[in-house]
Amino acid sequence: MDAAAWRLHPDRVLPAEPGMRALARRILDATASLPIVSMHGHVDAAVLADDAAFTDPATLLVAPDHYIVRMLVSQATAPGPIRDAGVRSAADLGMGTGPVETDPRTIWRRFCAGWPALRGTPSRLWLEHVLVEVFGAPVAPSPATADLLFDHLSDRLAQPEYRPRALFERFGIELLATTDAATDTLEAHARLRADGWGDSVVPTFRPDALLEAGRSGWRDELDRLGALTGLDTGSYDGYLDALRARRRAFIAAGARATDHGHLSPDTTPLAELDARALFARARQAPLPDADARAFTAHMLFQMALMSADDGLVMQLHTGVLRDHDRPSAARHGHDIGFDIPVQTSFTRALRPVLEEFGHHPDFHLVVFTVDETAYSRELAPLAGAYPALRLGAPWWFLDAPEAMARFRAAVTETAGFGNTSGFVDDTRAFCSIPARHDLARRADASFLARLVAEHRLDLDEATDTAVALAYTLARDAYPAPAGTQVTA
Amino acid sequence: MDAAAWRLHPDRVLPAEPGMRALARRILDATASLPIVSMHGHVDAAVLADDAAFTDPATLLVAPDHYIVRMLVSQATAPGPIRDAGVRSAADLGMGTGPVETDPRTIWRRFCAGWPALRGTPSRLWLEHVLVEVFGAPVAPSPATADLLFDHLSDRLAQPEYRPRALFERFGIELLATTDAATDTLEAHARLRADGWGDSVVPTFRPDALLEAGRSGWRDELDRLGALTGLDTGSYDGYLDALRARRRAFIAAGARATDHGHLSPDTTPLAELDARALFARARQAPLPDADARAFTAHMLFQMALMSADDGLVMQLHTGVLRDHDRPSAARHGHDIGFDIPVQTSFTRALRPVLEEFGHHPDFHLVVFTVDETAYSRELAPLAGAYPALRLGAPWWFLDAPEAMARFRAAVTETAGFGNTSGFVDDTRAFCSIPARHDLARRADASFLARLVAEHRLDLDEATDTAVALAYTLARDAYPAPAGTQVTA
Amino acid sequence: MDAAAWRLHPDRVLPAEPGMRALARRILDATASLPIVSMHGHVDAAVLADDAAFTDPATLLVAPDHYIVRMLVSQATAPGPIRDAGVRSAADLGMGTGPVETDPRTIWRRFCAGWPALRGTPSRLWLEHVLVEVFGAPVAPSPATADLLFDHLSDRLAQPEYRPRALFERFGIELLATTDAATDTLEAHARLRADGWGDSVVPTFRPDALLEAGRSGWRDELDRLGALTGLDTGSYDGYLDALRARRRAFIAAGARATDHGHLSPDTTPLAELDARALFARARQAPLPDADARAFTAHMLFQMALMSADDGLVMQLHTGVLRDHDRPSAARHGHDIGFDIPVQTSFTRALRPVLEEFGHHPDFHLVVFTVDETAYSRELAPLAGAYPALRLGAPWWFLDAPEAMARFRAAVTETAGFGNTSGFVDDTRAFCSIPARHDLARRADASFLARLVAEHRLDLDEATDTAVALAYTLARDAYPAPAGTQVTA
């Protein structure tokens, strides 16, 4: 096997037309040496705090990746190699909370059998980058190469330069923000800080579970919050105080932002008395749906109020119905690929927060969507008007070349480039971080190259813009709150 | 007139950029010899059973084609050749149930006068293919060429090689599925089977009229169903039994699928008692709107249950408001171009069926939409997760090059290629079947060529995928139910 | 400074691929000598009636342009040159009804500092055209060139060939329609007519304020209408008569069309008695929201009825929530960039008018949208069926190259070219009229060039279509009502 056999084309994902490709290459080159600023990720901070070797290729690359798992499961009953390889559910690929396949080589073989199913998807592009650029894999996955690849990757993972911190530095990551429950003790982040990594890896404050008063576990979450803060979360005032306290703790640990994932982006506040009454009822029993939604909307407004006060950037990820397949969730757990978007409207939903804080110099709101119809209709007009609002990068299903091209085409004419907030990789898959940023930079270079080729922008403006999209905007969109202790 | 004057460019609808065009040509060539599998059509089985010569060009190509008729009618009051040619309504082109123009030559002249109105539409491309490739027409339609073309086409239609079965074989059709009311006797299919055509032409079970309990004709439909099956459709159990009986009859006649066209894709089942009560009320009088919708949703769930049991693929075509122009419908009948799409949401609507049967090895659901916003937001995420779900080809207004390109760009990154179900032509216009499949293959070759040119896919993968999109996926997405009698 | 340094590329906004660019150039050239027909604008007729010199560059180009102002304000709190230049709100750029910056040079410097924020927007392209083609500006705006440009432009504005009427003629405008409140006295138009400009500049009847019975100022508007017409607008019949009278006055002044801007496109009429009752209640106090919406819908139906009778083309611009930021509106006034689109559905909303008048030979409806999702789903199917309906050009946020390309791609396959109504510039910025038409012609030439390059259309058909899109369709879509007095 010739180890030089598998190379990625240096112009991959750039436009095919030769003139545009040459421009795109020059624009892309301007971003080549820029560090990665990853302001919204899902890597477990403990991975970097422990810095232990990754155990095996399947556990690292397949089992935690819901993009891969869902695609292979979606072909589980169709005639073909995936069904023949024995994939019936996420468990057969090592994912989920029930009994799962535990033999990494078996999982890896199934993944290799399913490789053709990833054609045309971003997972294919990310994995190619990971396999070739990170691990020097000699051949593409297939049933014939599965074992060879498994052994190759296992060999690499055993080497010290493939430990998490070594990879972090090799990837050129300047700043990585993790996502952490509001009730997380931030113990891993404390260890990182103690090791001098506190300016490189920071937490993000995610209080979703504390704001959903319609869920059965809400009261337990509040009890946990109370225990952690020593405040009385049985009262509405104590609940708000405890949220503020945790935000302060996150800020002290380096956090730049909060993150909010709810079905609706509604931010309508309740009258004070109504909010107190709902809270009191919720302490007794989970709220019915309409009340629960109203309470969450009210709390999102409170979060904006706190952000305007303490400087944490507010991130909204909405419009996804979680656990669409409830039987699968009951059997295999959450986050296994059955979260499905719904229609989402922002114009009226964000109005309360934008009218109140949209011009506030210290309030920053970054909004993400998986409903593309809102781009040109609502989000770009809003971001092109309110100083506080920035558009988040194409997220989740939209974190892919075609969707990224649609995003730029849909929002730029109304919101420009400066009202977007830089790329976020949103990934649990640590090794895919550079692949994802590379792909986004290629997509943006392609868009900009077309503007240059069509004489809508000068080349120097395009390279300057590419640097902003790849680096500066992400850095500037998430300023450190006033209370942050920067080590350096 | 030089008969060689009108030729179609062999690279039509392929990308203009020379590098991509060369790739697209190679990919397209890989599909050139593939037979046509047409799993959702509206050709009348009697046309093939009778195998009589088509009477004239207007009756064959204009009067039954609502794409052409609607476009010409839409220009009926604008200054120009269509108004001058005397087109006021569908009737002037021979379409509809009221009094219509009956002189084929007059209709044909009107059509030729309106030819420029079809610029940029798929009808233009289909008709060019039909005229040149099927009929060897020497010149494009225009007022000056109308009579010459009419005579040329009439001459051809009189020849035996232009009879339906001869054309069917010339077109390379391997399998043609017609669409048939659930209460159809399938007499034409029986004749075809007797002639040895039973494996080439199969029916599709369409029970819409039996599931819409808000329509005034519903009870008559049930009486017809009762008479045909000998079962008591006055009772809910008898009604369900009769539906099952007709499904068995269709399976025996070779059917692979059911087809369901309702305004909403809602599949929420009712509680047993509620369903029985609604049925009983509907037997007395048409249900009010909300109840009628709930009953249809319940029955779609029952159809899924029956499909999981008997193996008929379930096809959903929803989101169209039929007879938008009720005065025109009253005057000229249905299906004359006034069916207009509405916003459609699938995430919650399909949840009941997908939670129940989404992983069932013998349940297959193919969903079509005319609301493109659902592609990337809902349908691709659902199809990329549930094994039972396949996405139908771009349908109706979306069966066109630009819309097909948008479809692939919107769904592939999330659902891949394998979760789509192959092209369906959905046509009443028998002679356009090869034109439509050709156009779809060109659109897919163009999409794949771009992926190759951008180094996102290898050329051999692209040709392999093109074959799947053109043939294999359609064949595999509609497996024969266990009870099917295959003659061969 | 070399005055020859700043030139616009003659092929700007045409496709980059050389073959398509050559075709696009040939298609575009066919439209080069065509006059401008601008059937929907917001230039103040008094500007042309007075024909006074424009005072200064900032008052002409910056302060009245909500596209520019909103973009600069949207960057007011971000680190960068706009914040540093002192932009906090629209007032700092001279826009709004409160106290505003009044020094033109200060405003101009702020605009020049913000120039990079316009990258990728149509404002950038329009302004380049205005600066270079209209004013011969030697360099692009920047902090370093701000004063030089200000002086250059001021010098030009003092010259007689830069007065409004001279520019009008230089721009090659054949017909300009302004937008005028139904209660406007049309005094400026009378002066234009007296000067022989009556066939060049015509009013458009805009009765919005008279149809919104939920607004506090509605009764005052009716009183004004009564005073102007001498009719009793205290009664429903008098109100309708007064509207008819004003329509006649507008027709006498040359009007071709009405224009209607409401949140919803609903056109459902009320029963006669209900309408009378609502009117009577509204005379007492502003109607609550639901009633106000129903009344507006009813009145839109009445407007259609009057249009079918008097021949004024009916234009609908809907789906925008005005004054999203109510605090900013209170401080700085309306139309300052905070009007944000919402989801809009047309299929059911337009049904009453289309069923009643959709085939009427003298009724013409032009519908605009800022919700692109309706293009392929609803508007193209409707326009491709009903003779009376034409699709308006991409409007407001969608009046931009990418959005125009999406519009043609989305609607042409279903509605063709002939069911669109030509470009409208919709601008308050007089000097940008030729820039906007030029950009639209480039976008359409690019779309047509691709069809030719892909062998979907012949070149002569494409140039013929380009002429229609640039000129003929706009002229023909707005025929003069029977009562119009044409001077010539």
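Residues numbered from 1 in each chain as written. Chains lettered and ligands numbered in written order. Predicted model: local features only at pLDDT ≥ 70, side-chain atom pairs only at ≥ 80, totals over all residues. Heavy atoms only, no water.

For chain A, the name recorded in an unreviewed UniProt entry is Uronate isomerase, with Microbacterium protaetiae as its organism. The record in UniProt for chain A states the following under Catalytic activity (unreviewed entry): "D-glucuronate = D-fructuronate". Note on chain A: under the UniProt heading Sequence similarities (unreviewed entry), the record states "Belongs to the metallo-dependent hydrolases superfamily. Uronate isomerase family." (UniProt positions renumbered as here; feature names shortened; annotations may be inferred.)

Moving on, we get to the overall build of chain A. Each helix and strand counted, chain A has 21 helices and eleven strands in total. Relative to the 2.2 N^0.38 estimate, which gives 23 Å for 488 residues, the radius of gyration of chain A is 23 Å and therefore close to what a compact globule would have. Principal-axis analysis of the C-alpha atoms places the extent of chain A at approximately 70 × 60 × 45 Å. In chain A, which comprises 488 residues, the share counted as buried stands at 66%. Within chain A, residue pairs in contact and separated by at least 24 positions form 75% of the contacts whose partners lie at least 6 positions apart. (Helix = DSSP H or I, 4+ residues; strand = E, 2+ residues; numbered from the N terminus. Rg over C-alpha atoms; globule rule 2.2 N^0.38 Å. Buried < 20%, exposed > 50% of the residue type's maximum accessible area, 1.4 Å probe, protein only. Contact = heavy atoms within 4.5 Å.)

Moving on to the packing of helix H19 (residues 401–415) of chain C against helix H20 (residues 433–453) of chain C. Residue and element names in this part refer to chain C. Put simply, H19 and H20 touch, their axes get as near as 9 Å, and they point 45° apart. What the angle tells us is that H19 and H20 run oblique. In this structure, H19 crosses over H20, and the sense of that crossing is right-handed. Residues Pro-401, Met-404, Arg-408, Ala-409 and Thr-412 of H19 touch H20, and the partners they reach there are Leu-439, Ala-440, Ala-443, Asp-444 and Phe-447. Residues belonging to the contact of H19 with H20 are distributed by class as follows: seven nonpolar, one polar and two charged. (Axes fitted to C-alpha atoms, helices over the stretch in contact; angles between N-to-C directions. Parallel < 35°, antiparallel > 145°, perpendicular 65-115°, else oblique. Left-handed = near helix turned anticlockwise from the far one by under 90°. Nonpolar A, V, L, I, M, F, W, Y, C, P; charged D, E, K, R; others polar.)

With an axial shift of 0.0 Å and an RMSD of 0.0 Å, the rotation relating chain C to chain A amounts to 120°. Classification of the inter-copy transformation places it as that of a three-fold axis. Here only 6% of the interface residues in chain C have copies in chain A that are interface residues too; the copies meet through unlike faces. (Least-squares fit on C-alpha atoms with pLDDT ≥ 70 in both.)

On the chain B side, the residues contacting the 52 residues of chain A number 48 residues. Counting the surface chain A buries against chain B, the share from its top three residues, Arg-119, His-324 and Glu-402 of chain A, is 17%. Between Arg-456 of chain B and Glu-402 of chain A there is a salt bridge whose closest N-O contact spans 2.9 Å. One can count 31 residue pairs in polar contact (both at pLDDT 80 or more) joining chain A with chain B. Among the elements of the structure, helix H1 (18–29), helix H4 (66–74), helix H7 (122–134), helix H16 (326–332), strand S9 (340–341) and helix H19 (401–415) of chain A are those that each provide at least two residues to the side of chain A that touches chain B. Considering only residue class, the side of chain A that touches chain B consists of 26 nonpolar, eleven polar and 15 charged. (Buried area = accessible area lost by both parts, 1.4 Å probe. Salt bridge = Lys/Arg side-chain N within 4 Å of Asp/Glu carboxyl O. Polar contact = N/O pair within 3.5 Å; in protein donor to acceptor, adjacent residues only side chain to side chain.)

Between chain C and chain A, the residue contacts involve 52 residues of the former and 48 residues of the latter. Of the roughly 4,000 Å² buried where chain C meets chain A, counting both sides, 50% is carbon and sulfur surface. Of all residues in chain C, Arg-119, His-324 and Glu-402 of chain C bury the most surface against chain A, accounting for 18% of the area lost on that side. Two residues, Glu-402 of chain C and Arg-450 of chain A, come together in a salt bridge whose shortest N-O distance is 2.9 Å. Across the chain C-chain A interface, the total number found is 31 residue pairs in polar contact (both at pLDDT 80 or more). Listing elements by their share of the side of chain C that touches chain A, those giving two or more residues are helix H1 (18–29), helix H4 (66–74), helix H7 (122–134), helix H16 (326–332), strand S9 (340–341) and H19 of chain C.

Below, the discussion takes up the pairing of strand S2 (residues 173–177) of chain A. All names here are of chain A. Of all five residues making up S2, four are buried, and the element is well covered by its neighbours. Direction of pairing for strand S1 (residues 36–38) relative to S2: parallel, over a ladder of three bridges. Each bridged residue has a counterpart across the sheet, and for Ile-36 the counterpart in S2 is Ile-173. Looking at chain direction, S2 and strand S4 (residues 201–202) are connected through two bridges and run parallel. What sits directly across from Leu-176, in S4, is Val-201. (Pairing = 2+ DSSP bridges.)

Here the focus is the environment of Ala-30 of chain A. Considering the arrangement of structural elements, one finds Ala-30 of chain A in the loop between H1 and S1. Counting along the chain gives 64 residues from Ala-30 of chain A to Gly-94 of chain A, while the straight-line C-alpha distance between them is 40 Å.

Considering all chains together, one arrives at zero disulfides over all chains under this definition. Free of any disulfide, Cys-112 of chain B has its nearest neighbouring cysteine sulfur in Cys-431 of chain B, separated by 16 Å. (Disulfide = S-S within 2.5 Å.)

Moving on: the sheet that holds strand S2 (residues 173–177) of chain C. Working definition: the strands of a sheet are paired by backbone hydrogen bonds and lie parallel or antiparallel to each other. Residue and element names in this part refer to chain C. Ordered by their spatial adjacency, three strands build an open sheet running S1-S2-S4, and the pairing between neighbours is parallel. Strands with a single pairing partner mark the edges of an open sheet, and in this sheet they are strand S1 (36–38) and strand S4 (201–202). H20 rests against S1 and S2 of the sheet, and its axis sits at about 105° to S1.

Moving on, we get to the domain arrangement of chain A. All names here are of chain A. You can read the domains of chain A as domain 1 (56–158) and domain 2 (165–477). On a C-alpha basis, the centres of domain 1 and domain 2 stand 29 Å from each other. Summed over both partners, the interface of domain 1 with domain 2 buries about 1,900 Å², with 66% contributed by carbon and sulfur atoms. Among the residues of domain 1 in contact with domain 2, His-66, Arg-70 and Trp-126 are the three that bury the most area, contributing 30% of the side total. Where domain 1 packs against domain 2, one counts six residue pairs in polar contact (both at pLDDT 80 or more). For the side of domain 1 that touches domain 2, the secondary-structure elements that each account for two or more residues are helix H3 (57–62), H4 and H7. (Domains from an automatic or database assignment.)

A sheet is described by the order of its strands in space; here three strands give the open sequence S1-S2-S4 (chain B), paired in parallel fashion. The two strands at the open ends of the sheet, each matched to only one other strand, are strand S1 (36–38) and strand S4 (201–202) of chain B.

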